[in-house]
Amino acid sequence: MGNASPHGEQRSAELNLPPGPSYPTPFHYFKELKAGPLEFYRGLIEEYGDIACVKMWPRCQVVVAHPRHFRHVLINEIERYPKGITFARRKDIGGEGLFFSEGNLWKTQRRMMMPSFRRSALVDLIPHMTIGANAFVERMEKRIGEPAFNIAPDTAKVAMDVACRAFFGSDILDRAQALHEALWASSQYTGYVSTNPLAPPLWFPTKRNRQARGALKTMYGAIDELIAENRARGDEDNVLARLNANVADGQMTEQQLRYEMWTLLNAGHETTATTLAFAFALLSENPQARERVEQEAATLGSRPVTHEGLSSLEFTQRVVRETLRLFPPAWGTGRECVEEDVIDGYRIPAKSILTTLFYVAQKNPVYWDEPERFDPDRFLPERSVDRPAESWCPFGLGGRSCIGEDFALMEATIILASVAQRIELRLEPGAPVEGQVFGIGPLRPARGISMTVHRRA
Ligand code: HEM
């Protein structure tokens, strides 16, 4: 735990707060932050070190960027640091689904949902991934010869397609666009309420609230339809089919099931879509890596990826990890400190917001040689031994880490390999590959990812 000490003697009103700037009100602070959160936080860490504090009324925000701080907040002191106020307003949209719930409800739900996401259970979901991947390649093949286009909406479509097949057992491509737009609109809304302390409650009739309520109606309407279709078919081989059994035996309410299905769809599609878009761009910029992915894919012949085939795609798996290091969609997360603490000899007052900057640790030259360079082999076991596990955490850490980590890694690997079997995606010469955080939402391609499609030689 390094010198982060939660207990006893060190806790004292005499200790200083971590160093950092002061703002008269949260409004002044959010105005500056929203202009470029990553740049703002990086600047803070450069100026003050791995722990900094933004002081304002009525609570301060402590920003941490060292792996030992992540371990402290997200693992060792998990009870002291619930999600609390940092995610509270987002419940307007996602209700009490796994991402936002806390305490006993979260524990019970996590226990019920975990079996669907264990590696052994994911084997059954691989066919959904390969069908979605194949459909994506077919859509891309139709675009051979077209001028450059932004691939990000297409990666969103494939991620949505796979999520709907694996989670609901449904082919929803005809509805995917409307659903994606509604999810996007709701994510804009949650970004807004998280940075506007005076944002009116969702029922209040403002234009923004009306739009958010419209998005909610579309999303939950689609979810209800997907649940009904799943039950009518009597499915057995997807996540919803398993959760239906929990509803049938009274362990989960219908409303909770709707929240969970929304959560899976929301948490499990845009993040993967972003990862794919950046991975295609990085492979195009690094032809040697692309050739290695193609060589691995060639060992599968023209067959779809199977569970056994997946284990031979070791380099492709490292490409996914390296993409997530350079462009982590979840560049950090937030917690509320509910009981005073001490970290690195600094006082952390109760009610402080803790922000863990995964993005900064994933580019720290202490752990990552030439951190800006794309080098998937840095994830080889022999090159990883000297690195703390917490220096790479695109899926978070501890009890509340991503339930879909293995699912996302498998899915992205399968889609990269399926593309490499048949086509090549080429970045338009000179097109930028940059991440940007809009509002304080996830990291996304700043201006899309402009690519052309080519038949493999
Ligand atoms: C590349 C893809 C993904 C990334 C980068 C990602 C990232 C994350 C992160 C960082 C967290 C922790 C948030 C926190 O500590 O506050 C998280 C939680 C979560 N993710 Fe993912 N995720 C991805 C894919 C998925 C997928 C495919 C699913 C659906 C199966 C999913 C479902 C969830 C859920 C339900 C939680 C909340 C878990 C809990 O609190 O118990 N994610 N994700």
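Residue numbers restart at each chain and count upward from 1, following the sequence in its written direction. pLDDT decides what is reported in this predicted model: residues at 70 or higher carry local features, side-chain atom pairs at 80 or more are listed and counted, and totals for whole chains, interfaces and linings draw on all residues regardless. Processing note: side-chain calculations cover all non-hydrogen atoms of the structure and skip hydrogens and water entirely.

1. Comments concerning the overall build of the chain
Formally: Segments assigned H or I by DSSP are reported as helices when at least four residues long, segments assigned E as strands when at least two residues long, and all are numbered from the N terminus. For the area figures, the Shrake-Rupley method with a 1.4 Å probe applies, and any residue is considered shielded solely by the protein chains shown.
When helices and strands are tallied, the chain shows 19 helices and eleven strands. Expressed along its principal axes, the backbone C-alpha trace of the chain runs to roughly 65 × 50 × 40 Å. Carbon and sulfur atoms provide 53% of the accessible area of the chain, an area that totals close to 19,600 Å².

2. Here we look at the domain arrangement of the chain
Under the convention used in this document: The split into domains, and so the bounds of each, comes from an automatic or database assignment of domains. Here, residues are in contact when the closest pair of their heavy atoms is within 4.5 Å. Once two parts are joined, some of their accessible surface, as seen by a 1.4 Å probe, is lost; buried area is that loss totalled over both. The rule for a salt bridge is simple: a side-chain nitrogen of Lys or Arg has to be within 4 Å of a carboxyl oxygen of Asp or Glu. We call two N or O atoms a polar contact when they sit within 3.5 Å, provided that within protein one can donate a hydrogen and the other can accept it, with sequence-adjacent residues counted only if both atoms are side-chain atoms.
Domains assigned within the chain are domain 1 (1-77 + 331-393) and domain 2 (110-327 + 398-455). Centre-to-centre, using C-alpha coordinates, domain 1 lies 28 Å away from domain 2. Residue-level contacts link 26 residues of domain 1 with 29 residues of domain 2. The junction of domain 1 with domain 2 conceals about 2,200 Å² of combined surface from both sides, 66% of it contributed by carbon and sulfur atoms. Across the domain 1-domain 2 interface, the total number found is three salt bridges. Residue R378 is joined to E322 by a salt bridge in which the shortest nitrogen-to-oxygen separation is 3.0 Å. Along the contact surface separating domain 1 from domain 2 lie ten residue pairs in polar contact (both at pLDDT 80 or more). Where the side of domain 1 that touches domain 2 is concerned, the elements lending two or more residues are α1 (26-34), α2 (37-48) and α3 (67-76).

3. Comments concerning the nonpolar core
The condition is simple: Among the buried residues, those of types Ala, Val, Leu, Ile, Met, Phe, Trp, Tyr and Cys that are joined through side-chain atoms within 4.5 Å form a nonpolar core. Any residue under 20% of the maximum accessible area for its type is buried, any over 50% is exposed, and the rest in between are partly exposed; the area is computed with a 1.4 Å probe on protein chains only.
Core analysis: the biggest nonpolar cluster contains 121 residues, and F167, F168 and M261 have the highest contact counts within it. Among the elements that line this core, the one with the most residues is helix α19 (residues 405-422), at eleven residues. Counting contributing residues per domain, this core is built from domain 1 (1-77 + 331-393) and domain 2 (110-327 + 398-455), each supplying no fewer than three. Apart from residues lying up to four places away in sequence, F168 is in contact with A163, I223, L226, I227, N230, R233, D235, N238, L240, M261 and L265.

4. Here's the deal with the site of the ligand
In plain terms, the rule: Throughout, the term near means that a residue has one or more heavy atoms lying within 4 Å of the molecule or strand in question. Polar here means any residue other than Ala, Val, Leu, Ile, Met, Phe, Trp, Tyr, Cys and Pro, which are nonpolar, and Asp, Glu, Lys and Arg, which are charged; Gly is therefore polar.
Around the ligand sit 29 residues in total, of which W106, R110, T333, R335 and C402 are the nearest. With respect to the ligand, the side chain of R110 contributes an N or O atom lying 2.7 Å from an oxygen atom. R400 has a polar side-chain atom sitting 3.0 Å from an oxygen atom of the ligand. Elements supplying a minimum of two residues to the shell around the ligand: α6 (103-117), α13 (254-267), α14 (270-285), β4 (333-336) and α19. Classifying every residue of the shell around the ligand gives 16 nonpolar, nine polar and four charged.

5. Concerning the coordination of the iron atom of the ligand
Selection criterion: Only nitrogen, oxygen and sulfur atoms qualify as donors, provided they sit within 2.8 Å of the metal or within 3.2 Å for Na, K and Ca; with water excluded from the atoms, sites may seem incomplete.
Looking at the iron atom of the ligand, one finds just one donor atom contributed by the protein, C402 (SG), at 2.3 Å. If you trace the backbone, C402 turns up in the loop between α18 (358-361) and α19.

6. Thoughts on the pairing of strand β2 (residues 61-64)
A regular strand places its side chains so that they alternate between the two faces of the sheet. What counts here: The rule for pairing is simple: two strands pair if DSSP sees at least two bridges between them.
The alternating pattern of β2 places Q61 and V63 on one face and V62 and V64 on the opposite face, and all of these are buried. Relative to β2, strand β1 (residues 51-54) runs antiparallel, the two sharing four bridges. Looking at β2, one finds that A52 is bridged to V63. As consecutive antiparallel partners, β1 and β2 are separated by six residues. Alignment of β2 against strand β7 (residues 353-356), held across four bridges, turns out to be parallel. Within the sheet, the bridge partner assigned to Q61 lies in β7 and is I353.

7. Brief notes about the sheet that holds β7
Basically, it comes down to this: Working convention: axes come from line fits to C-alpha atoms, limited for helices to the stretch in contact. Angles between N-to-C directions cover 0 to 180 degrees.
Spatially, four strands are ordered β1-β2-β7-β4 in an open sheet, and the strand pairing comes out mixed. Edge positions in the open sheet fall to β1 and β4, since each of these has one partner strand only. The mean inter-strand angle of the sheet, taken between neighbouring strand axes irrespective of direction, is 25 degrees.

8. Considering the environment of E322
Looking at the secondary structure, you find E322 in helix α17 (residues 314-326). The residues touching E322, leaving out its near neighbours within four places in the chain, are R373, F374, D375, P376, R378 and F379. Within polar-contact distance, the side chain of E322 engages the backbone nitrogen of D375 at 2.7 Å.

9. Brief notes about the pattern of salt bridges
By the definition in use, this model includes 33 salt bridges. Measuring nitrogen to oxygen at the nearest pair gives 3.8 Å for the salt bridge that ties E102 to R400. Residue E102 is found in the loop between α5 (91-94) and α6, and its partner R400 is found in the loop between α18 and α19; the two are separated by 298 residues along the sequence. With relative accessibility at 27%, the residue E102 sits in the partly exposed group. Judged by relative accessible area, which is 16%, R400 ranks as buried. A salt bridge links E424 to R426, with the shortest nitrogen-to-oxygen separation between them at 2.9 Å. When salt bridges that share partners are traced, they join R290, E294, E424, R426 and R456 into one network.

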